[in-house]
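# Remarks on the overall topology
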Number of protein chains: 2
Amino acid sequence: MTIERFANLPAPPYYAVIFSSQRPADSDNDGYGPMAEYLDAKVRQQPGFLGVESTRDTEGFGITVAYFDSEEAIAAWRRDAEHATARERGRKAWYEHFELRIAKVERAYGKARQHGTDE
Amino acid sequence: MTIERFANLPAPPYYAVIFSSQRPADSDNDGYGPMAEYLDAKVRQQPGFLGVESTRDTEGFGITVAYFDSEEAIAAWRRDAEHATARERGRKAWYEHFELRIAKVERAYGKARQHGTDE
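Let me sum up the structure you'll find in this document.

The rules behind these values
Along each chain, the written sequence defines residue order, and numbers are assigned to residues from 1. Working convention: letters from A go to chains and numbers from 1 go to ligands, in the order in which they are written. At least 70 in pLDDT is required for a residue's local features to be given in this predicted model, at least 80 for side-chain atom pairs to be given and counted, and no such filter applies to totals for whole chains, interfaces and linings, which use all residues. Note that water and hydrogens are dropped before the side-chain values are worked out from all heavy atoms of the structure. Each aromatic pair joins two rings of Phe, Tyr and Trp (for Trp, the six-membered one) with centres within 6.5 Å, and gets the label stacked for planes under 30 degrees apart, edge-to-face for over 60, and tilted for any other angle. Secondary structure is summarised from DSSP: a helix means a run of H or I of at least four residues, a strand means a run of E of at least two, and numbering begins at the N terminus for each. Here the term buried applies to any residue with accessible area under 20% of the maximum for its type, exposed to any over 50%, and partly exposed to those in between, with areas from a 1.4 Å probe on protein chains only. Throughout this description, the term charge over a ring refers to an Arg CZ or Lys NZ atom that lies within 6 Å of the ring centre and within 35 degrees of the ring normal. For this document, the term salt bridge refers to a Lys or Arg side-chain nitrogen within 4 Å of an Asp or Glu carboxyl oxygen.

### Some thoughts on the packing of aromatic side chains
Under the definition given, this model contains 16 aromatic pairs over all chains. Geometrically, the ring pair formed by phenylalanine 6 of chain A and phenylalanine 61 of chain B is edge-to-face, given 5.0 Å between the ring centres and 80° between the ring planes. One end of the pair, phenylalanine 6 of chain A, is in the segment before strand E1 (14–22); the other, phenylalanine 61 of chain B, is in strand E3 (residues 61–68), on a second chain. Judged by its relative accessible area of 8%, phenylalanine 6 of chain A is buried. Note on phenylalanine 61 of chain B: relative accessible area 0%, which makes it buried. Here tyrosine 14 of chain B and tyrosine 67 of chain B contribute two aromatic rings whose centre-to-centre distance is 5.6 Å and whose plane-to-plane angle is 85°, an arrangement assigned as edge-to-face. Taken together, the residues tyrosine 14 of chain B in strand E1 (residues 14–22) and tyrosine 67 of chain B in strand E3 connect sequence positions 53 residues apart. One aromatic cluster is present, formed by Phe19, Tyr32, Trp94, Tyr95 and Phe98 of chain A through successive ring pairs. Over the ring of tyrosine 109 of chain A we find arginine 78 of chain B, and its NZ or CZ is 5.9 Å from the ring centre.

### Re the pattern of salt bridges
Evaluated as defined, the whole model comprises 18 salt bridges over all chains. A salt bridge links lysine 42 of chain A to aspartate 80 of chain A; its shortest N-O distance comes to 2.9 Å. Taken together, the positions of lysine 42 of chain A in helix H1 (residues 32–43) and aspartate 80 of chain A in the loop between helix H2 (71–79) and helix H3 (81–94) put the pair 38 residues apart, joining distant regions of the chain. Exposure remark for lysine 42 of chain A: the relative accessible area of 23% places this residue in the partly exposed category. Aspartate 80 of chain A gets classed as buried once you look at its relative accessible area, which sits at 14%. Across the pair aspartate 57 of chain A and arginine 5 of chain B runs a salt bridge whose closest N-O atoms are separated by 2.6 Å. Note that aspartate 57 of chain A is positioned in the loop between strand E2 (49–56) and strand E3 (61–68) and arginine 5 of chain B in the segment before E1, a pairing that runs across two chains.

Spelled out as structure tokens, the structure:
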């Protein structure tokens, strides 16, 4: 089921790292895929990590939103050495452009059609 | 250029509406496309609207983040009659599942490779 694409989060407040990025058109075999998968697995082990949602269209434009329980958890993930190395590589090669925004989630709503009610 | 996919935002603080959704696999010709385009054009006219970024992958999982200058602007957009009608239709038919989160953006960073510097 596609339900696993959604982060299963506690009630707000919590924090969101909103990352939008444009991958180059000629981006096959540049090492991005394996590193992205590795970091996705690693961030899930990060203390304070709550969940992540991510998607990218056929034009290479993607949005990933990672959720954490505190700003401290975000700062700790930012200090992770492998994550820092990947960020540097991303800055130089993997992304034509990106935007990163840190936000405090104050309210949340959801809907699953299979249940027919708000969650 | 792909740069138009990114919202050109002022310095924080501002507000984000983070909408993640799963479209059904059998979703051709259900009226979603024209309504989504219409509402995208309309929200850009909304007072307090700052920008929007949106993407959806080939599995139908999408994330849209719309930015506004205040919670009042979000509330006003929520009261828009056509938007409300579309939300009801989305709830019943267009989405298998969705999650909506309202957040206050506190910090932001960006990078454009073509300029080689942070923005």
